[in-house]
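Chain by chain, the residues run as shown.
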Amino acid sequence: MTNPGERKHYLSLQEREDITNAYNETIPDPNWNEIVKLWGKVDPMSGSEYVIADQHKSKANLKINTNYLDQATAALSTNMRFVDLSDQRIYNIEFTINPGQWKTEVNWFVVEDTSAS
């Protein structure tokens, strides 16, 4: 379990919904809606976490640890991301793990979006 004092990154969890255009095509909405602001710990992944990511066929290379969020983890989609509010780095969410199934914290496996800079 992560010590809450180690969560030094102030993050915005955001979601983008799909919209239907005039031709009845589903496209991603270009606007991001904030779900919640929260503190998290952003770390590079360890060796065992790379194995987990590989099993998910993921390119994740960072892990963000936060408090458990019922509404966010239940509705997790690839249309979600974190934005670090201190330096505006963007982290696209690949998948999550609820360590020990205790519903006290969540590990979000993410990849930094360097195309936005």
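Quick caveat: nothing in here was measured; it's all calculated off a predicted structure.

All right, on to the pattern of salt bridges then. In this structure the tally under the stated criterion is five salt bridges. A salt bridge links Lys41 to Glu6; its shortest N-O distance comes to 2.7 Å. Residue Lys41 is located in strand β4 (residues 33-44), and its partner Glu6 is located in the segment before β1 (9-15); the two are separated by 35 residues in the primary sequence. Residue classification places Glu6 among the partly exposed positions, given a relative accessible area of 35%. With a closest N to O distance of 3.7 Å, Arg89 and Glu112 form a salt bridge. Note that Arg89 is positioned in the loop between β6 (80-84) and β7 (90-97) and Glu112 in strand β8 (residues 105-112), a separation of 23 residues in sequence. Accessibility expressed as a relative area gives 41% for Arg89, which makes it partly exposed.

What follows covers the nonpolar core. Counting residues in each nonpolar core, the largest one holds 14 residues, and the members touching the most others are Leu13, Ile64, Phe82, Tyr91, Ile93, Trp108 and Val110. At the level of secondary structure, the elements contributing two or more residues to this core comprise β1, β4, β5 (62-67), β6, β7 and β8. Sorting elements by how many residues they give to this core places β8 first, with three residues. Excluding residues within four positions of it along the chain, Phe82 makes contact with Leu11, Ser12, Leu13, Leu38, Ile64, Thr66, Arg89, Ile90, Tyr91, Ile93, Trp108 and Val110.

Conventions used here
- Residues numbered from 1 in each chain as written.
- Predicted model: local features only at pLDDT ≥ 70, side-chain atom pairs only at ≥ 80, totals over all residues.
- Heavy atoms only, no water.
- Salt bridge = Lys/Arg side-chain N within 4 Å of Asp/Glu carboxyl O.
- Helix = DSSP H or I, 4+ residues; strand = E, 2+ residues; numbered from the N terminus.
- Buried < 20%, exposed > 50% of the residue type's maximum accessible area, 1.4 Å probe, protein only.
- Core = buried A, V, L, I, M, F, W, Y, C linked by side-chain atoms within 4.5 Å.
- Contact = heavy atoms within 4.5 Å.

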